[in-house]
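Chain by chain, the residues run as shown.
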Amino acid sequence: MTGVSPVVVPPIVVLDEIDSTNAEARRRAEAGEVGPVWLVGLRQTAGRGRRGRAWETGERNLAATLLLRTDKPPAEAAQVSFVAALAVADMLACYVPASLVSLKWPNDPLLGGLKVSGILIESGASPQGGLWLAVGVGVNLARKPIDSERPATAIATHRDVPPPGAAEAAQALAEAFERWFRIWTSLGFPAIADAWTARAHGLGEPCVARLGTETVEGIAEGLDGDGALRLRLDDGRIRRITAGDVFFGGA
């Protein structure tokens with residue numbers, strides 16, 4: 001009998017309350033735990049997003065972090081953010097029409113063009129060698145944040161029936177992540193980049209990239225081989241965006 005082998009996901013540990021699932025992953029990693037293991041917080045009191053921003057999880061939303069160890073160099077290990085974004089996209093498509101799901105660079109899953117999820121990748125030197133990775137994922141299942149700096153939404157807004165609970169959503173996320181992780185490790189980043197591009201939000205459209213003290217405007221053309229966003233400037237030159245915030249219209 002032939003076919004794809006079944007997806008076996010790492011253990012999923014559900015915690016009633018935690019400050020931050022990423023912080024818990026860091027504590028476990030620094031204590032010598034290598035995973036892989038998913039940590040899910042039913043109530044997260046000090047969630048964090050990129051650049052140190054607060055991330056409001058809220059009740060009945062998903063806060064999850066995958067802890068794992070890798071021997072990949074840091075620049076290559078960072079590609080796991082695109083793996084996570086694809087996994088979130090697949091998880092969302094389990095509960096809403098796939099046509100509503102898109103991905104905004106670098107790793108913002110959108111639902112109906114609005115932010116529905118945040119991804120935060122953290123890493124450090126593992127006591128066992130290589131790097132530990134904390135792949136943090138927050139998803140608005142039941143409601144969007146009360147105080148959101150950008151337009152946001154939740155899965156519940158796009159369904160006529162109740163949204164999934166955190167445990168169910170975490171299982172779907174873990175299965176999707178394992179599938180894309182296998183593709184990344186066997187076929188490399190080009191396969192991930194192609195899949196990400198197929199779901200990309202804003203390609204071919206005017207884009208504003210805010211890079212700390214600099215603002216760059218151009219047309220978003222796609223990903224470079226390392227995951228950088230390619231912007232074509234007014235004078236025809238290509239500017240590689242490797243870090244920053246990008247905006248397309250209102251998103």
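Residues numbered from 1 in each chain as written. Predicted model: local features only at pLDDT ≥ 70, side-chain atom pairs only at ≥ 80, totals over all residues. Heavy atoms only, no water.

A. Focus on the sheet that holds strand β10 (residues 214–223). Taken in spatial order, the five strands make up an open sheet running β12-β11-β10-β9-β13, and their pairing is antiparallel. Every other strand in the sheet has two partners, leaving β12 (238–241) and β13 (245–247) as the edge strands with one partner each. The mean angle between the axes of side-by-side strands here comes to 45°, regardless of whether they run parallel or antiparallel. Note: strand β11 (residues 229–232) against β12, four bridges, orientation antiparallel. The residue bridging R232 from the neighbouring strand is I238, located in β12. (Pairing = 2+ DSSP bridges. Helix = DSSP H or I, 4+ residues; strand = E, 2+ residues; numbered from the N terminus. Axes fitted to C-alpha atoms, helices over the stretch in contact; angles between N-to-C directions.)

B. View of the packing of helix α3 (residues 80–93) against helix α5 (residues 189–198). Contact geometry for α3 and α5: axes closest at 10 Å, N-to-C directions at 40°. On the basis of the axis angle, α3 is oblique to α5. Read as a crossing pair, α3 and α5 show a hand that is left-handed. Contact with α3, carried on its side by F82, V83, A85 and L86, involves F189, I192, A195 and W196 of α5 and no other residues of that element. In terms of residue class, the contact of α3 with α5 is built from eight nonpolar, no polar and no charged. (Parallel < 35°, antiparallel > 145°, perpendicular 65-115°, else oblique. Left-handed = near helix turned anticlockwise from the far one by under 90°. Contact = heavy atoms within 4.5 Å. Nonpolar A, V, L, I, M, F, W, Y, C, P; charged D, E, K, R; others polar.)

C. View of the packing of aromatic side chains. Enumeration according to the criterion identifies five aromatic pairs in this entry. Taking the centre distance of 5.9 Å and the plane angle of 85° together, the rings of W38 and F177 count as edge-to-face. With W38 in strand β2 (residues 37–41) and F177 in helix α4 (residues 166–187), this residue pair connects regions lying 139 residues apart in the sequence. W38 sits in the buried class, given a relative accessible area of 2%. Considering the side-chain rings of F82 and W196, the 5.9 Å spacing of their centres and the 80° angle between planes classify their relative orientation as edge-to-face. One end of the pair, F82, is in helix α3; the other, W196, is in helix α5, and 114 residues separate them in sequence. You'll find F82 and W196 in the same group, each marked buried. Joined through ring pairs, the aromatic side chains of W38, F177, F181 and W184 make up one cluster. Stacked on the ring of F247, the Lys or Arg K104 has its end atom at 5.8 Å from the ring centre. For R210, the ring lying beneath its charged end belongs to F247, and the centroid distance is 4.4 Å. (Phe/Tyr/Trp six-rings, centres within 6.5 Å; stacked < 30°, edge-to-face > 60°. Buried < 20%, exposed > 50% of the residue type's maximum accessible area, 1.4 Å probe, protein only. Lys NZ or Arg CZ within 6 Å of the ring centre and 35° of its normal.)

D. Broad picture of the pattern of salt bridges. According to the stated counting rule, one finds 17 salt bridges in the structure shown. Across the pair D71 and R69 runs a salt bridge whose closest N-O atoms are separated by 2.8 Å. With its nearest N and O atoms 2.8 Å apart, the salt bridge here joins R240 to D226. Of this pair, R240 sits in strand β12 while D226 sits in the loop between β10 and β11, and the two are 14 residues apart along the sequence. Taken together, the shared-partner salt bridges in this structure form one network comprising D19, E24, R27, R28 and E33. (Salt bridge = Lys/Arg side-chain N within 4 Å of Asp/Glu carboxyl O.)

E. Seen up close, α5. Among all positions of α5, only F189, I192, A193, A195 and W196 are buried. Projected down its long axis, α5 shows its buried positions confined to an angular sector of 165°, all on one face. α5 presents P190, D194 and A198 as exposed residues on the side facing more than 90 degrees away from its buried surface. For α5, the elements touching its buried residues are α3, β4 (101–104), α4 and β10. (Arc of directions from axis to C-beta.)

F. Region of the structure containing the confidence of the model for the protein. Model confidence for the protein is summarised by a mean pLDDT of 90, while 91% of its residues fall at 70 or above. Within the protein, the lowest mean pLDDT, 88, falls on β13, and the highest, 98, falls on α3. (pLDDT = per-residue confidence, 0-100.)

G. Local environment of the nonpolar core. With 61 residues, the main nonpolar core has L62, V139, F177 and W196 as its most contacted residues. Among the elements that make up this core, the one with the highest residue count is α3 (11 residues). Counting residues in hydrophobic clusters, the runner-up holds seven residues, among them A25, A29, V37 and L39. (Core = buried A, V, L, I, M, F, W, Y, C linked by side-chain atoms within 4.5 Å.)

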